[in-house]
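# Residue-level structural notes
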Amino acid sequence: MIFDRLIDYLRVSAHQVARKRMRVFLTALGIAIGVAAVVGTVSLGEGVRYQAVEAIKEQSDLTLIEATADIRGGAIQFITPAKIEELAAVQHVEASSAVVREAYTTKRQTYLEVVGIDPAGIEGVIRPKFLRGENLEPGSRQAVLGHDVAETLQRYEGVRFGDAVPILIRRYDEDGMPVDEEVTFTLVGVLQERDDAFDQVMLIDRGVAQELRGDETAFDGVLIRVDQPETVFGVVDDVKALGLTAKGAFQQIESVNQLMDVVVLILAFFAGVSLIVGVLMIVNTMVTSVFERTREIGITMAIGASPADVVHLILAECLYIGLIGGVLGDLLGIAFTGVINTFGKPFIVAQLGDTFSTFAEGDITLITPEILVYGMAIAIVLSLASGLYPALKASHLNPVTAIRTGV
């Protein structure tokens, strides 16, 4: 019964829409331009977001993260052997290795960021490619240098592959005075450039680092290798659930997402101004339609139509306007993105330079089915909302008065 009445409403309203095709088209075009602006600007924001994330994936080791101590509820959550085992058991973790971080200097006071890690962890977790040399031997006082720090030591201190490098470790005597202890490490490997933090570090055996620290039970973090980029954020959530902090290249993606959320919101806000114009056009059109059909509405109510029937008929007309506007808006939005890709892309790429080189390989906008569905939904919802006032105004007409004074 309800379905049949709905069909009747749509059929009668379709007849009214067909009678005033040009007016309906122009009204729908108003809402379509707003939808096109929203689709175009949101697709631009999503396209920039996608390209930025792809650039980060291409340039960074996204599946490598580090879990470190954190403060929760006023208590420090340390990296303990139990935590290390729990991290190793997290789903999608392929390998993990506890690390010790220190800061040493050379005799010429070149700062060295040192990471103590098991040699097996270097191979299984960091997975380096060697420019020269090989991995550490367990328990040895050997060192592997990152690409950048190796270049620095070679340029300013003449340190080369195979050399014994004197390292100064700061100690403090009983009076609190600093005393530097000299320890020699043999350079057995140099990593290829990675474009991450490991370009700047010196890798040594974790046991040796703990021995030199004087504490063989303390850990500063756990390096974790995740099986694939898509599962990184799930592993990060699991790490945080254990009370620890997670760091890694994924943080760049989080920053990009936060930035682009704001950008898309701002773009959509300004595009929404055109939607307001479309809404006002629909209100004006439907108010005019009600005025022109006052006598017709009065006769309809006099022969038995209820105020609810009048409301439903007016809203059904608005539904048609919304559908037409949504379809036109999506089509215009797709055309708008084509214009952005053709004429706007060269300008944006020129402004960004080499920051996001992947822009040169694909479109700068990204249209997804979800964006088109949202565009259609916006058009329909706003059209129905715009028709509420004219519909209620029509439903409150006095049938006798409407027939006597109607056009």
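Residues numbered from 1 in each chain as written. Predicted model: local features only at pLDDT ≥ 70, side-chain atom pairs only at ≥ 80, totals over all residues. Heavy atoms only, no water.

Attention shifts here to the overall build of the chain. Counting its regular elements, the chain contains 12 helices and 12 strands. A compact globule built from 407 residues would reach a C-alpha radius of gyration of about 22 Å, whereas the chain, at 34 Å, exceeds it by more than 25%. In terms of overall dimensions, the chain has C-alpha extents of about 105 × 45 × 40 Å along its principal axes. For the chain, the proportion of contacts with a sequence separation of at least 24, taken over those separated by at least 6, is 80%. Accessible surface, the chain as shown: approximately 20900 Å² in total, 60% of it carbon and sulfur. (Helix = DSSP H or I, 4+ residues; strand = E, 2+ residues; numbered from the N terminus. Rg over C-alpha atoms; globule rule 2.2 N^0.38 Å. Contact = heavy atoms within 4.5 Å. Areas by Shrake-Rupley, 256 points an atom, 1.4 Å probe, with all protein chains shown as cover.)

Looking now at the layout of surface pockets. Any empty space left between the atoms is revealed when a probe the size of a water molecule rolls over them. Approximately 320 Å³ is the volume attributed to the largest pocket. Broken down by secondary-structure element, the contributors of at least two residues to the lining of the largest pocket are β1 (64–68) and β12 (245–248). Tallying contributions element by element places β1 first for the lining of the largest pocket, with 3 residues. Among the residues making up the lining of the largest pocket, the classes are represented as 7 nonpolar, 3 polar and 7 charged. In this model, the second largest pocket occupies a volume close to 230 Å³. Around the second largest pocket sit S60, D61, I126, R127, P128, K129, Q192, E193, R194, D196 and R225, which together line it. (1 Å grid on protein atoms, 1.4 Å probe; cavity = no way out; pocket = protein on both sides within 12 Å on 5 of 7 lines; lining within 4 Å. Points joined across faces, edges and corners; volume = space filled by probe spheres on them. Nonpolar A, V, L, I, M, F, W, Y, C, P; charged D, E, K, R; others polar.)

For the rest of this paragraph, the subject is the pattern of salt bridges. Scanning the model with the defined rule gives 15 salt bridges in all. Between D118 and R206 there is a salt bridge whose closest N-O contact spans 3.4 Å. Separated by 88 residues along the polypeptide, D118 in the loop between β5 (111–117) and α4 (119–126) and R206 in helix α6 (residues 206–213) bring together distant segments of the chain. Taking relative accessible area as the criterion, R206 reaches 17% and is therefore assigned buried. Connected through salt bridges with shared partners, the residues D61, R194, D196 and R225 form a single ionic network. (Salt bridge = Lys/Arg side-chain N within 4 Å of Asp/Glu carboxyl O. Buried < 20%, exposed > 50% of the residue type's maximum accessible area, 1.4 Å probe, protein only.)

Our focus in this paragraph is the packing of helix α7 (residues 232–241) against helix α8 (residues 250–292). Their axes nearest at 11 Å, the elements α7 and α8 cross at an angle of 100°. Taken together, the axes of α7 and α8 are roughly perpendicular relative to one another. Two secondary-structure elements touch here, α7 through V232, F233, V236 and K240 and α8 through F250, I253 and E254. A per-class count over the contact of α7 with α8 returns 5 nonpolar, no polar and 2 charged. (Axes fitted to C-alpha atoms, helices over the stretch in contact; angles between N-to-C directions. Parallel < 35°, antiparallel > 145°, perpendicular 65-115°, else oblique.)

Along the chain, L397 turns up in the loop between α11 (369–395) and α12 (399–405). On the basis of relative accessible area, L397 is assigned to the partly exposed category, the value being 24%. Along the sequence, L397 and I297 sit 100 residues apart, while their C-alpha atoms lie 8.1 Å from each other.

On to the pairing of β1, then. Burial of β1 is extensive: 5 of the 5 residues sit out of reach of the surface. The side-chain alternation of β1 yields two buried faces, one formed by L64, E66 and T68 and the other by I65 and A67. Bridging between β1 and strand β11 (residues 221–226) involves 5 bridges; their strand directions are antiparallel. Paired with A67 across the strands is V222, a residue of β11. One ladder, built from 4 bridges, connects β1 with β12; its direction is antiparallel. (Pairing = 2+ DSSP bridges.)

Further remarks concern the side chain of T110. Mapped onto the elements of the fold, T110 is located in the loop between β4 (93–106) and β5. By relative accessible area, T110 is classed as buried at 18%. Ignoring sequence-local partners within four residues, the contact set of T110 consists of Y104, T105, T152, L153 and E157.

The next subject is empty space enclosed by the protein. In this structure the tally under the stated criterion is 2 cavities of 30 Å³ or more. Its volume calculated, the largest cavity comes out at about 90 Å³. Around the largest cavity, the lining residues are Q16, V17, K20, R23, V24, T285, M286, S289, R293, E317 and I321. Taken together, the elements giving at least two residues each to the lining of the largest cavity come down to α1 (2–19), α2 (21–59), α8 and α10 (307–352). Its residues assigned to classes, the lining of the largest cavity comprises 4 nonpolar, 3 polar and 4 charged. Considering only enclosed or pocket space, the second largest cavity measures out at about 50 Å³ in volume. Every residue along the wall of the second largest cavity is listed here: L112, A143, L145, L153, V159, V165, I167, F185, T186, L187 and M202. Along the lines of polarity and charge, the residues of the lining of the second largest cavity split into 10 nonpolar, 1 polar and no charged.

I65, L87, I224 and V239 are the most contacted members of the largest nonpolar core, which totals 32 residues. When residues of this core are traced back to their parent elements, those giving at least two are α2, β1, α3 (81–88), β4, β11, α7 and α8. Residues within four places of I224 in sequence aside, it is in contact with T63, L64, I65, A67, L87, V93, A95, S96, V125 and V239. With 27 residues, the next largest nonpolar core counts V24, M286, M301 and V310 among its residues. (Core = buried A, V, L, I, M, F, W, Y, C linked by side-chain atoms within 4.5 Å.)

Contact geometry of α2 with α8 gives a least axis separation of 8 Å together with a crossing angle of 175°. Taken together, the axes of α2 and α8 lie roughly antiparallel to each other.

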